[in-house]
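The chain contents come next:
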Amino acid sequence: MAVIEVGPAKAYKTPALGIYAARNGDTVAIDAGTYTGKDAVSVIPTGNLTITGMGGRVVLNARDANNVAHNVYTKGIFVVSVPKDETITFKGIDFVGARIADTDGKNGAGIRIEKGSIKVEDCSFYYNQNGILGAGNEIGKVEIRNSEFAFNGHGDGLSHSIYVSPVELIFECNVSRNVNTGQALKTRAALSTIRYNLLGESTPAAGGNTNVEVDIPNGGEIILI
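Note that the coordinates shown come from a computational prediction; the quantities given were computed from them, not determined experimentally. Note that residues are indexed from 1 along each chain, following the sequence as it is written. In view of the model being predicted, local features appear only for residues whose pLDDT reaches at least 70, and side-chain atom pairs are presented and counted only at 80 or more, with totals across whole chains, interfaces and linings using the full set of residues. Side-chain numbers here rest on the full set of heavy atoms in the structure, without hydrogens or water.

What to know about the pattern of salt bridges
Here comes step 1: Each reported salt bridge corresponds to a side-chain nitrogen of Lys or Arg within 4 Å of a carboxyl oxygen of Asp or Glu. Scanning the model with the defined rule gives 11 salt bridges in all.
Here comes step 2: Asp31 serves as the salt-bridge partner of Lys10, at 3.1 Å between the closest nitrogen and oxygen. Taken as a pair, Lys10 in the loop between strand S1 (3–6) and helix H1 (15–21) and Asp31 in strand S2 (residues 27–36) lie far apart in primary sequence, 21 residues in all.
Here comes step 3: Residue classification places Asp31 among the partly exposed residues on the basis of a relative accessible area of 21%. Secondary structure elements follow DSSP: runs of H or I of four or more residues count as helices, runs of E of two or more count as strands, with numbering from the N terminus. Under the scheme applied here, a residue whose accessible area is under 20% of the maximum for its type counts as buried, over 50% as exposed, and between as partly exposed, the area being computed with a 1.4 Å probe on protein chains only.

Structure representation (C-alpha cells):
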C-alpha cells in the first residue's frame, strides 16, 4: 500500500492524476488548498482507496474562473465506480459547486456513487445540486460521519443534501442544513442508522427551504435517534 502525494509541488498536480495512479489499497494524500474546474474532478475506478487532505482543508470547487461547471460524465466532482464490496474513504475534503446543465438532470453531486461503498469523514458539501447522490443495486454501504451539508439542492424539490439507496446507510454526528427546496436526508437503504445529527434550518437567516428533514420512502429497518 503506497501513499500517492498530490499537490502543486508534487509529481501528481491534481487529484485525478493521483487517483488514476493509485492501486487498490493506496492512500491519495492531497495537499491543502483549492483545486478548481477541471483540476477538481475525477472518476474513481480503483477500489479500497483513502483520499485525504494533508496539512489543512482541501477544497474541490467544480466551477472555474469562467463560472463553468466541470463534472466528470456530467455527474459529480468525484464519481465512484468500484466493485460493490470495495470502499472509497474520503477525509478532510470540501466539495463545492457541482452543477450541471438542466438538460442533464440538475443532479450534479459532490460525490456520485455509481458502484461501490463509501466512507465520508470530516468532509463538507456546499452549493451542490446534490451533496451525495447514489442509487442502484451496485451500491453496498454508505457511512457518513462528522460532516456538514449546506445550501445544496437545485431548487426544484428533486435534488437533496443526501439521497442514497445502498444496502446499508450509517449517518452519524452530521449537520445537514439550509437545503434549497429539498430533503436534508433521503434514504432508500434496506437498513438506515441515523443518529445524533442536526437536520433542517440551523441558520434561518442564511436562507434555505428544507422540505423534509428525513425522508424514508421505502421504509426498511430504521434506527433514528
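There is more to say, and it comes next.
What about the side chain of Ser165?
Here comes step 1: With respect to the secondary-structure elements, Ser165 resides in the loop between strand S13 (162–164) and strand S14 (168–172).
Here comes step 2: Within the structure, the side chain of Ser165 is placed 3.3 Å from the backbone nitrogen of Gly136, a separation counted as a polar contact. Pairing of N or O atoms within 3.5 Å defines a polar contact, subject to two protein rules: one partner must be a possible hydrogen donor and the other a possible acceptor, and residues neighboring in sequence count only if both atoms are side-chain atoms.

Concerning the packing of aromatic side chains
Each aromatic ring pair is summarised here by two numbers: the centre-to-centre distance and the angle between the ring planes.
Here comes step 1: Stacked, edge-to-face and tilted are the three classes for Phe, Tyr and Trp ring pairs, Trp counted by its six-membered ring, which pair at centre distances within 6.5 Å; planes under 30 degrees apart are stacked, over 60 edge-to-face, the rest tilted. A full pass over the atoms with the stated rule returns 7 aromatic pairs.
Here comes step 2: When the centroid spacing of 4.8 Å and the interplanar angle of 5 degrees are considered together, the rings of Phe95 and Phe125 count as stacked. You can see Phe95 sitting in strand S7 (residues 93–96) and its partner Phe125 sitting in strand S9 (residues 124–126), a full 30 residues away along the chain. The burial state of Phe95 is the same as that of Phe125; both residues are buried.
Here comes step 3: Grouped by ring-pair contacts, the aromatic residues Phe78, Phe90, Phe95, Phe125, Phe149 and Phe171 constitute a single cluster.
Here comes step 4: A cation sits over an aromatic face here: Lys186 above Tyr163, 4.6 Å from the ring centre. Should the NZ of a Lys or the CZ of an Arg lie within 6 Å of a ring centre and within 35 degrees of the ring normal, that charge is described as sitting over the ring.

Regarding the pairing of strand S8 (residues 109–121)
Here comes step 1: Bridge count between strand S5 (residues 76–81) and S8: 5 bridges; the pairing is parallel. Looking at S8, one finds that Gly76 is bridged to Ala109.
Here comes step 2: At least two bridges found by DSSP between two strands are what make those strands a pair. By the bridge criterion, 5 bridges tie S8 to strand S11 (residues 139–145) in an arrangement that is parallel. Across the sheet, the residue bridging to Ile118 is Val142, located in S11.

A word on the environment of Glu121
Here comes step 1: The topology assignment puts Glu121 in strand S8.
Here comes step 2: Under the relative-accessibility criterion, Glu121 is labelled partly exposed at 28%.
Here comes step 3: Between the C-alpha atom of Glu121 and that of Lys91, which follows or precedes it by 30 residues, the distance is 5.0 Å.
Here comes step 4: Contact definition: two residues touch when any of their heavy atoms are within 4.5 Å. Setting aside residues no more than four positions away along its own chain, Glu121 makes contact with Phe90, Lys91, Gly92, Arg145 and Ser147.

All we've got here are geometric facts, nothing functional implied.
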